Amino acid sequence: MNPRATSFPTILVALLCLCVGSAWAKSSDRNQRMNVSSDSSDCSVNESGPCILRGNVHIVQGTLDIQSSKADIRRGGNQQVIKLTGAPVKMKQQMDDGGWMNATAAQIDYDQNRDTVVFSGKAVVQQPGRGSISGERIVYNMATGQVQSGAAAGTGGRVNMTFEPKNKAPAQDSKTEPQAEPPKQDDN
């Protein structure tokens, strides 16, 4: 059997790890087939070698859907580091509770040893019906569920958060807003 054929899928399985935390991911996605496409790939069959995917990178596994310009996967021993870059990187995934998480950032970094996902560069994470967070840098610790955000080192900036009320009725489409009725005229 071709060693490249056996190693390449192993390399790509690591991409799923971007959002495996219970708060931001559907846990059953890890057991789904992963489909990856890109304009080009340069992947080493050696465990310690890099795997670089370039151009229109599209990764789908279960409800996880990632689109980026480049994916740089570095692994060796028990270490796994994945860097996605784009203009922007787009990611969406259904959560175990049925809701969705949508994220965009100039770069998304996953570090397996630290169990963290870092969204940087105009990062926005939205959970419709729950709220959103945006800033230059958002760090998600998958082990603890802790989310930290703030400006990237030396860049300034602010963090913006929106929290939806738990008992909020679904928002009406602005096109279907009720129109005020004209005043009634007296027939007198």
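Above this note sits the structure.
Please read all numbers here as calculations on a predicted model, not as lab measurements.

Focus: unusual backbone geometry
For the bond running from Ala 87 to Pro 88, omega is -5°, close enough to zero to count as cis. The topology assignment puts Pro 88 in strand β5 (residues 79-94). Although it is not a glycine, Asp 115 sits at a positive phi angle of roughly 55°. Its location among the elements puts Asp 115 in the loop between β6 (100-111) and β7 (116-127). Phi angles above zero are rare outside glycine, and Lys 122 is one such case at about 50°. Checked against the element boundaries, Lys 122 lands in strand β7. We classify Lys 122 as exposed; its relative accessible area is 68%.

Considerations on the state of the cysteines
Using the criterion set out here, one finds one disulfide in the structure. Linked covalently through their sulfurs, Cys 43 and Cys 51 form a disulfide whose S-S length is 2.0 Å. Taken individually, Cys 43 and Cys 51 each receive the classification buried, so the pair is uniform in this respect.

Scoring rules and cut-offs
- Going along each chain's sequence as written, the residues are numbered from 1 onward.
- Local features in this predicted model are restricted to residues whose pLDDT is 70 or higher, and side-chain atom pairs enter the listing and the counts only when it is 80 or higher, whereas totals over whole chains, interfaces and linings include all residues.
- Hydrogens and water are ignored here; the side-chain numbers use all heavy atoms of the structure.
- Where helices and strands are cited, they refer to DSSP runs of H or I of at least four residues and of E of at least two residues respectively, numbered from the N terminus.
- Summary of the burial criterion: residues with accessible area below 20% of their type's maximum are buried, those above 50% are exposed, and those between are partly exposed, where the area comes from a 1.4 Å probe applied to protein chains only.
- Any cysteine sulfur atom paired with another within 2.5 Å is treated as part of a disulfide.

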